[in-house]
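Coordinate inspection notes
Below are the chains, spelled out letter by letter.
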Amino acid sequence: MSEFMTLAALAGEEEICTRCPLYQNATQAVPGEGPRGARVMLVGEQPGDAEDLSGRPFVGPAGRVLDKALSKVGMPREECFVTNAVKHFKFEPRGKRRLHKKPDAGEIDACRWWLAQERAIVAPGLIVALGASAIRGVLARAEPVSRLRGRLIDLDREAKFLATIHPSFLLRLQEEEDKRREWALFLSDLAIAAEWAR
Ligand code: URA
């Protein structure tokens, strides 16, 4: 059971979170988004620049990749609960730009409490971790994506777990051949989730 009755109440508490120092520089907390009762919860790493400014998860470049992949496998984003392992943007100022910095283990661990609250309210049957930070956020231990990706695992009595890459990995690839191969692998991982959700 969550301490909070609604996602809106939870988001209000996330906004005043001081569990780790990341709240000090971020514009706002970015709560998870999607229907209560969604069958699938998608967990990313942390908000990026666009998410920090808008207050919504996965609305920047990585979000566009994710949206395209979800619609390709027939699991529309609107039906999923989309959230992050860490709720505040961690960055390094570089001139006018803010460069993404990976959250460390302590920040991910401090934020797991919020993930657990979201999970308790939404009650998804499947949790999909996008990348290594999300895996740590959900499993509370470090595991490489390559060891877990693409297979349904029993998380506990309430939910299954599936790991795949973070969509921003695809944006960093340079070679066309690598992009095609990794995109196809990403889709095949997400297709497992879509199939489970049908
Ligand atoms: N990357 C993430 O992990 N989450 C977002 O919300 C945006 C980019």
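Relevant structure appears above.
About the criteria used
- Residues numbered from 1 in each chain as written.
- Predicted model: local features only at pLDDT ≥ 70, side-chain atom pairs only at ≥ 80, totals over all residues.
- Helix = DSSP H or I, 4+ residues; strand = E, 2+ residues; numbered from the N terminus.
- Rg over C-alpha atoms; globule rule 2.2 N^0.38 Å.
- Buried ≥ 20, exposed ≤ 12 C-beta atoms within 10 Å, placed from the backbone.
- Contact = placed C-beta atoms within 7 Å.
- Pairing = 2+ DSSP bridges.
- Axes fitted to C-alpha atoms, helices over the stretch in contact; angles between N-to-C directions.
- Near = placed C-beta within 6 Å.
- Nonpolar A, V, L, I, M, F, W, Y, C, P; charged D, E, K, R; others polar.
- Core = buried A, V, L, I, M, F, W, Y, C linked by C-beta atoms within 7 Å.

1. Some remarks on the overall build of the chain
Helix and strand content of the chain: 8 helices and 7 strands. For a compact globule of 198 residues, the expected C-alpha radius of gyration is about 16 Å, and the chain comes in at 16 Å, within 12% of that figure. Evaluated residue by residue, the chain yields a buried proportion of 37% over its 198 residues. Excluding contacts between residues fewer than 6 apart, the proportion of contacts in the chain whose partners are at least 24 apart in sequence is 73%.

2. Some remarks on the sheet that holds strand 5 (residues 126-130)
Remark on secondary structure: sheet strands pair via backbone hydrogen bonds, oriented parallel or antiparallel. Taken in spatial order, the 5 strands make up an open sheet running 2-1-5-7-6, and their pairing is mixed. Lying at the two open borders of the sheet, with one neighbouring strand each, are strand 2 (81-84) and strand 6 (153-154). Across 5 bridges, strand 5 lies against strand 7 (residues 160-164) in parallel orientation. Note that in strand 7 the partner of Leu126 across the bridge is Lys160. Of the strands in this sheet, strand 1 (40-44), strand 5 and strand 7 touch helix 8 (residues 176-197), which is tilted by about 160° from strand 7.

3. So, the site of the ligand
Taken together, 13 residues surround the ligand, and among them Gly44, Glu45, Gly48, Pro57 and Ala62 come closest. Counted by class, the shell around the ligand contains 4 nonpolar, 7 polar and 2 charged residues.

4. Quick word on the nonpolar core
With 39 residues, the main nonpolar core has Val40, Met41, Leu42, Val43, Cys80, Val128 and Ala129 as its most contacted residues. If sequence neighbours within four positions are ignored, Met41 has contacts with Phe81, Thr83, Arg119, Val122, Pro124 and Ile127.

5. Comments concerning the environment of Pro21
On the secondary structure map, Pro21 appears in the loop between helix 1 (7-15) and strand 1. A count of 12 C-beta atoms within 10 Å places Pro21 in the exposed class. Spatially, the C-alpha atoms of Pro21 and Arg151 are 35 Å apart, while their sequence positions differ by 130 residues.

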